Amino acid sequence: MVNKISINELSKAIEKEVRNWTKEAIDDVNTIKKEVAKEGVQALKARSPQRTGDYAKNWTSKTLKNDDQIIYQKSPTASLTHLLEKGHAKRDGGRVAAQVHIAPVEEDLVANFIRKLEKRLSQ
C-alpha cells in the first residue's frame, strides 16, 4: 500500500527520510570504525617485534568523545613505538635498524575502512 501525501508535505517527508538515512549511515560508520580498530589492534599485536612480548601485548584501542577510534600503546612501552618504527642512534655510535610494523598495518586499515564504508553506502 502506498501512502499518499500532499505536495505541501513532500519536502517534510523527504527531509524525514534523509535524516533517518543519515542517522543509520552515521551509526554504521561508527560500527565500522570500531571493527577496523579492533582488527588493527590484533594486526599490530601479530606484527610487532617480539623480544619479551610486552610491547606487542600492550596495543589497545579506545573510543574518543567524538566517536573516533584511536589505537595506541599502553605504558610503559608507549615510548618504544617511534624508536622501533623509525630506528634510532646507538649510545656508542651507529644506528639500530628500523623495524617497520605500524605503517603497513595503517595502510591495510585505511584500505579496509574505505572498502567497508563503500560497501555499506552502496546498499
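Residues numbered from 1 in each chain as written. Predicted model: local features only at pLDDT ≥ 70, side-chain atom pairs only at ≥ 80, totals over all residues. Heavy atoms only, no water.

A. Local environment of helix H4 (residues 102-121). The end-to-end C-alpha distance of H4, which contains 20 residues, comes to 28 Å, matching closely the 28 Å that a straight helix rising 1.5 Å per residue would cover. Val105, Leu109, Asn112, Lys116, Leu117 and Arg120 are the residues of H4 that are buried. Here the buried residues of H4 occupy an arc of 130° about the axis, which is enough to place them on one side. Exposed positions of H4 whose direction lies more than 90 degrees from the buried face are Glu107 and Glu118. If you follow the buried residues of H4, they end up packed against helix H1 (10-47) and strand E2 (69-73). (Helix = DSSP H or I, 4+ residues; strand = E, 2+ residues; numbered from the N terminus. Expected span 1.5 Å × (residues − 1). Buried < 20%, exposed > 50% of the residue type's maximum accessible area, 1.4 Å probe, protein only. Arc of directions from axis to C-beta. Contact = heavy atoms within 4.5 Å.)

B. Up close: the pairing of strand E1 (residues 59-63). As judged from the five bridges shared by E1 and E2, these two strands associate in the antiparallel manner. Among the inter-strand pairings, Thr63 is bridged to a residue of E2, identified as Gln69. With antiparallel pairing between neighbouring strands as the criterion, E1 and E2 make up a hairpin whose turn holds five residues, including Asp67 at a positive phi of roughly 70°. (Pairing = 2+ DSSP bridges.)

C. Main features of the packing of aromatic side chains. In this structure the tally under the stated criterion is one aromatic pair. Both rings, one in Tyr55 and one in Trp59, keep their centres 5.8 Å apart while their planes meet at 75°; by these two values the pair is edge-to-face. There is no split in this pair, since Tyr55 and Trp59 are both buried. Lys62 extends its terminal NZ or CZ atom over the ring of Tyr72, reaching a point 5.5 Å from the ring centre. (Phe/Tyr/Trp six-rings, centres within 6.5 Å; stacked < 30°, edge-to-face > 60°. Lys NZ or Arg CZ within 6 Å of the ring centre and 35° of its normal.)

D. Highlighting the nonpolar core. Ile32, Val36, Val41, Leu44, Tyr55, Trp59, Leu84, Val105, Leu109 and Leu117 form the largest nonpolar core, which has ten residues in total. Of all elements in the fold, only H1 and H4 reach the threshold of two or more residues within this core. In this view, Tyr55 contacts Ser48, Pro49, Gln73, Thr77, Leu80, Thr81, Leu84, His101 and Ile102; residues no more than four positions away in its chain are not counted. (Core = buried A, V, L, I, M, F, W, Y, C linked by side-chain atoms within 4.5 Å.)

E. Looking closely at the side chain of His101. Tracing the backbone shows His101 in the loop between strand E4 (95-96) and H4. A polar contact of 2.7 Å, which involves the side chain of His101, links it to the side chain of Tyr55. Those residues in contact with His101, other than ones at most four positions away along the chain, are Leu44, Arg47, Ser48, Pro49, Tyr55, Trp59, Leu84 and Glu85. (Polar contact = N/O pair within 3.5 Å; in protein donor to acceptor, adjacent residues only side chain to side chain.)

F. Representation of the pattern of salt bridges within the structure. Under the defined criterion, the tally for this structure stands at eight salt bridges. Among the ionic pairs, Glu15 bridges to Arg19, the shortest N-O distance being 2.5 Å. Placement of both Glu15 and Arg19 in helix H1 is noted, with a separation of four residues, approximately one turn of the helix. Exposure remark for Glu15: the relative accessible area of 39% places this residue in the partly exposed category. Residue Lys57 pairs with Asp54 through a salt bridge whose shortest N-O separation is 3.5 Å. Here Asp54 and Lys57 lie together in helix H2 (residues 54-57), a separation of three residues that amounts to about one turn. A network of salt bridges, in which partner residues are shared, links Glu35, Glu39 and Lys116. (Salt bridge = Lys/Arg side-chain N within 4 Å of Asp/Glu carboxyl O.)

G. Spotlight on the packing of H1 against H4. Axis separation between H1 and H4 bottoms out at 9 Å; the angle between their running directions is 155°. With respect to each other, H1 and H4 are oriented roughly antiparallel. Between H1 and H4 lies a crossing of right-handed hand. When its residues are assigned to classes, the contact of H1 with H4 shows 14 nonpolar, two polar and nine charged. (Axes fitted to C-alpha atoms, helices over the stretch in contact; angles between N-to-C directions. Parallel < 35°, antiparallel > 145°, perpendicular 65-115°, else oblique. Left-handed = near helix turned anticlockwise from the far one by under 90°. Nonpolar A, V, L, I, M, F, W, Y, C, P; charged D, E, K, R; others polar.)

Take it as geometry only, folks, not as evidence of what the structure does.
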